[in-house]
Structure formats: structure tokens, C-alpha cells
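Letter by letter, the chains look like this.
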Amino acid sequence: MKLHLLAQNLEKQLLEIEENSKTIMQRSKHSIIVCTKLLGQFKKEIVNKGFDSISDEIYFFKHTKQIPLRHLIYFSEIRSFEIQFPKADKDCQRKFIRKKIQKVNRFFIYNLDFTQYTDSEETHFDKEYYTRDYMDSYHITTSKFYFQDPDFFTPRDMLLGKFRAYNRLVAYLDNRLHNLESSLKPTKTALKNTEKLIWPFTNTDWVELVYALSSAGVSKQNNLSISKVSKIMQEIFDFTPKDIYKTYQDIKNRKNSRTVFLDDLTTSLLSEMNKSEE
């Protein structure tokens, strides 16, 4: 059977849908359609031809079928979430997202044993979980799915699909909440409309100055890391530094003066002072 190739081709279709969709609702709608269609193809193939071995059956329900199944569950959850999402009142929107996150967390807690089994990549229950001979022994634990076709489902393949889809859903919800809360924070006006200064020196000079300011007390006084000091400086200077930590090691390994840039600054300042006194 070439079912796994069909599943891999689905991943390409979903990428194309993502690229051509203007909204998450459009993307969800079209993704649900192609996933449902492929699962239908899978079912016909399985019912008509079956499997050559138990290991083939386990592989199909644990891996191959999971590709369209997890996407179907994920995009169905996204579509349902977005349809119900409050259209106004940021406070209500935030509560709505948090409530959904709590619901997802309860799912993982309720299925803790299965979560641990999946995360640890155990296989000793795979025969019972991912073959159809044990439907009477292992009852369905996921709500929403009270009936599952015994020819096309196993005791835990739907639960596995939901587990993988919900892992992805958590990231979506966290990002949604982060973007919402960011929009509620007061915006900083300082420096945003200020024209940045050109940095006329080298990347190494930048790193030397950042470390000099940090060691002089800037980072300790403001509880800032080296990278944070550098990012704050980027709000002033139109420059993007590279390999800060590696460059610092190169500076430390200099054979002569290890503060070339700072020495040049001192020399330039003293020269300017001398000129003003002539």
C-alpha cells in the first residue's frame, strides 16, 4: 500500500493551502476538506485490502493515519475556536482564550498515563492501542467521539491524534494570548519616532563598547544581559551586530592592546581637547 506516500503528499497540500489562504478560517476550511477526503481514501483501502501483518496495522494507525487525523482535529478546533471568539471587548477575548487553554490542560491531565506513554515513546501497549482487535477491552476515553467505526479505528488512535493536535493547539492559543496582551500594553513613544544614528565603526568595535559599558556597571545597575544592552543600543544606532560572544573571545585573544576601539576613542577625545585649547 502506498498510503504513507499519500499522507506525505497531504503535507505538501496543506503548505499550499497555507500559502494561498488569506485568513486562518480559510486555511482551516480547506485543510479540513483535504484531510477528510484522505481519511476516506484510507478507509476504503483498509476495508478492502486489510493488512499483511500486525506490525503493518500498528504502523498505519500509529503513524500514517495520524498525519491527516491530527491536522483534521487541529483545524477543526481552530475553526470552532475562531467562530466562537468574541468580536469585541479585549477582556472577554482574553478570558475566552484562557478558558480554552484550561480546557486543553484538563485533557492532558485526564489522559496523563497516555501522555507519559506517548512522550516516552513506549511501545509495549502498541498492539492493544493500535490494532482493531481490542476495541472491546479498551474503551474510548475521548468525548465527542462516542462511536467509531470498528473497521477504521483502534482503542487509542483517535486519542493519539487528539494528543498531537492539542500539543499544536496550545502553541496557537499561547500566541493568540500573547498578541492580545501585547496590544493591551501602553506603547512606548520614546525613540520610536527618533531617527537612528549611523554606526560608522566595525562590528568588533560595537562588541568592545557593549562589554565596556556592561563591565563599567550599566548591566549590573539595570540587571541587563550583554545581549540586552546591545539591543537597547540598537534603538539608538542603525546597526545590527553579529556573533557578539564569539567576537568578544577574539577581542580577548588579541596580542597587543585588547581595547583598540576604546583607545582610539580616548585619543580622538584628547586630540579634540588639545585643539580647542590652542
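Residues numbered from 1 in each chain as written. Predicted model: local features only at pLDDT ≥ 70, side-chain atom pairs only at ≥ 80, totals over all residues. Heavy atoms only, no water.

### With respect to the nonpolar core
In step 1: Phe42, Phe60, Ile97 and Leu173 are the most contacted members of the largest nonpolar core, which has 47 residues in total.
In step 2: Of all elements in the fold, only helix H1 (3-20), helix H2 (24-49), helix H3 (54-64), helix H4 (66-84), helix H5 (90-110), helix H6 (112-119) and helix H8 (157-184) reach the threshold of two or more residues within this core.
In step 3: When residues of this core are assigned to their parent elements, the largest contribution, eleven residues, is made by H8.
In step 4: When residues no more than four places from it in sequence are discounted, the contact partners of Leu173 are Phe81, Ile97, Lys100, Ile101 and Val104. (Core = buried A, V, L, I, M, F, W, Y, C linked by side-chain atoms within 4.5 Å. Buried < 20%, exposed > 50% of the residue type's maximum accessible area, 1.4 Å probe, protein only. Helix = DSSP H or I, 4+ residues; strand = E, 2+ residues; numbered from the N terminus. Contact = heavy atoms within 4.5 Å.)

### Looking at the pattern of salt bridges
In step 1: Tallying each qualifying case throughout the model produces twelve salt bridges.
In step 2: In this structure, Glu57 and Arg132 form a salt bridge, with 2.9 Å as the shortest nitrogen-oxygen distance. Here Glu57, found in helix H3, pairs with Arg132, found in the loop between helix H7 (126-129) and H8; they are 75 residues apart in sequence, far enough to count as distant.
In step 3: Taking relative accessible area as the criterion, Glu57 reaches 9% and is therefore assigned buried. (Salt bridge = Lys/Arg side-chain N within 4 Å of Asp/Glu carboxyl O.)

### As for a nonpolar patch on the surface
In step 1: Nonpolar side chains collect at one region of the surface, where Leu269, Leu270 and Met273 lie side by side and expose about 280 Å² of accessible area between them.
In step 2: Inspection of the secondary structure puts Leu270 in helix H13 (residues 260-277). (Patch = residues over 30% accessible without salt bridge, like charges linked within 9 Å, V, L, I, M, F, W, Y side chains within 5 Å. Areas by Shrake-Rupley, 256 points an atom, 1.4 Å probe, with all protein chains shown as cover.)

### So, the environment of Lys87
In step 1: Along the chain, the position of Lys87 falls in the loop between H4 and H5.
In step 2: For Lys87, the side chain forms a polar contact with the main-chain oxygen of Phe85, separated by 3.2 Å. (Polar contact = N/O pair within 3.5 Å; in protein donor to acceptor, adjacent residues only side chain to side chain.)

### Describing the environment of Ile236
In step 1: As for its placement among the helices and strands, Ile236 is situated in the loop between helix H11 (226-234) and strand S2 (237-238).
In step 2: On the basis of relative accessibility, which here comes to 37%, the residue Ile236 falls in the partly exposed class.
In step 3: Contact partners of Ile236, with chain neighbours within four places excluded, come to Lys196 and Leu197.

### Remarks on the packing of aromatic side chains
In step 1: Per the stated rule, a full pass over the model turns up 30 aromatic pairs.
In step 2: On the numbers, 6.5 Å between centres and 65 degrees between planes, the contact of Phe61 with Phe152 is edge-to-face. Of this pair, Phe61 sits in helix H3 while Phe152 sits in the loop between H7 and H8, and the two are 91 residues apart along the sequence.
In step 3: Seen from their ring centres, Phe108 and Phe163 are 5.7 Å apart, and the 80 degrees between their planes marks the pair as edge-to-face. Linking Phe108 in helix H5 with Phe163 in helix H8, this pair joins segments that are 55 residues apart in sequence.
In step 4: The buried category is assigned to Phe108, whose relative accessible area is 14%.
In step 5: Residue Phe163 is classed as buried on the basis of its relative accessible area, which comes to 4%.
In step 6: Taken together, the ring pairs connect Phe107, Phe108, Phe114, Tyr117, Phe125, Tyr129, Tyr130, Phe163 and Tyr166 into an aromatic cluster.
In step 7: We note Lys65 situated over the ring of Phe152; from NZ or CZ to the ring centre the distance is 4.1 Å.
In step 8: When the ring centre of Tyr74 is taken as reference, the NZ or CZ atom of Arg168 above it lies at 3.9 Å. (Phe/Tyr/Trp six-rings, centres within 6.5 Å; stacked < 30°, edge-to-face > 60°. Lys NZ or Arg CZ within 6 Å of the ring centre and 35° of its normal.)

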